[in-house]
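Chain by chain, the residues run as shown.
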Amino acid sequence: MDNLNTHFRKCFEEVLGAKEAKALLRRVVFHYTPKHASWLNMAEIEIGILDRQCLDRRLPDRVTLTAEVNAWQLRRNMEQRGIEWTFTRQDADTKMARHYVL
């Protein structure tokens, strides 16, 4: 999730009350994205990986598609793979420099 203030304990307590918020937050683990990225970047990366690893061929029907995607998703989740952010702000500045207005 993005680093928004809506994801802090106090925000939950304001909406749900302290007791209910505490019960909910015991079941939640927050995974924050880096400040230079967002949940949308992560989703796009995973979709790209899915496309390359699972959808790189013609599948005959929806049943096969569902089975392939489910198997891929199970494997990815079991591996607990993370995203290694290697593209920095400096990289972006270099790559996009020609588009900047001085």
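Fair warning: this is a prediction, and the values are worked out from it, not measured in the lab.

Cut-offs used in this document
Residues numbered from 1 in each chain as written. Predicted model: local features only at pLDDT ≥ 70, side-chain atom pairs only at ≥ 80, totals over all residues. Heavy atoms only, no water. Helix = DSSP H or I, 4+ residues; strand = E, 2+ residues; numbered from the N terminus. Buried < 20%, exposed > 50% of the residue type's maximum accessible area, 1.4 Å probe, protein only. Contact = heavy atoms within 4.5 Å. Areas by Shrake-Rupley, 256 points an atom, 1.4 Å probe, with all protein chains shown as cover. Salt bridge = Lys/Arg side-chain N within 4 Å of Asp/Glu carboxyl O. pLDDT = per-residue confidence, 0-100. Axes fitted to C-alpha atoms, helices over the stretch in contact; angles between N-to-C directions. Parallel < 35°, antiparallel > 145°, perpendicular 65-115°, else oblique. Left-handed = near helix turned anticlockwise from the far one by under 90°. Nonpolar A, V, L, I, M, F, W, Y, C, P; charged D, E, K, R; others polar.

Engineer: Would you mind going over the overall build of the protein with me for this structure?
Structural biologist: When you go through the protein residue by residue, the secondary structure sums to five helices and zero strands. Helices (α) and strands (β) of the protein occur, in sequence order from the N terminus, as α-α-α-α-α. Within the protein, buried positions represent 15% of all 102 residues. A separation threshold of at least 6 residues defines the contact pool for the protein, and within that pool the share at least 24 residues apart is 47%. Here the protein has roughly 8,900 Å² of accessible surface; of this, 57% comes from carbon and sulfur atoms.

Engineer: Can you walk me through the pattern of salt bridges in this structure?
Structural biologist: When the charged atoms of two side chains with opposite charge come close together, those side chains can pair. Applying the stated criterion across every chain, the model contains five salt bridges. The residue K10 makes a salt bridge to E14 at a minimum N-O spacing of 3.7 Å. In this pair, K10 and E14 are both assigned in helix α1 (residues 9–16), four residues apart and thus about one turn of the helix distant. Summarising the burial analysis for this pair, K10 and E14 share the class exposed. The partner of R75 in a salt bridge is E79, and the shortest N-O contact between them spans 3.5 Å. On the criterion of helical spacing, the pair formed by R75 and E79 is a turn pair, its members being four residues apart in helix α4 (residues 62–79). For E79, a relative accessible area of 37% gives the class partly exposed. A network of salt bridges, in which partner residues are shared, links D56, R57 and E68.

Engineer: Looking at this structure, how should I read the confidence of the model for the protein?
Structural biologist: Segments scoring low in pLDDT should not have their predicted coordinates read at a detailed level. Averaged over all residues, the pLDDT of the protein is 81; the fraction at 70 or higher stands at 83%. At the low end of the mean pLDDT range in the protein sits helix α5 (residues 89–96), at 78; at the high end sits α4, at 93.

Engineer: When you look at the packing of helix α3 (residues 39–53) against α4 in this model, what are you seeing that I'm missing?
Structural biologist: Angle between the axes and distance between the axes are the two parameters that describe a pair of packed helices. Between α3 and α4, whose axes approach to 11 Å, the crossing angle comes to 120 degrees. Of the possible angle classes, the one that applies to α3 and α4 is oblique. Crossing angle aside, the handedness with which α3 passes α4 is right-handed. Contact residues: E46, I49, L50 and Q53 in α3; V69, W72, R75 and R76 in α4.

Engineer: Explain the packing of α1 against helix α2 (residues 18–25) to me, please; I cannot follow it from the model alone.
Structural biologist: Packing of α1 against α2 leaves a shortest axis separation of 7 Å and a crossing angle of 130 degrees. Regarding the angle of α1 to α2, the classification is oblique. Note on packing geometry: the crossing formed by α1 with α2 is right-handed. Taken together, the residues of α2 that come into contact with α1 (itself represented by R9, F12, E13 and L16) are A18, E20, A21, K22, L24 and L25. Looking at the contact of α1 with α2 residue by residue, the classes come out as six nonpolar, no polar and four charged.

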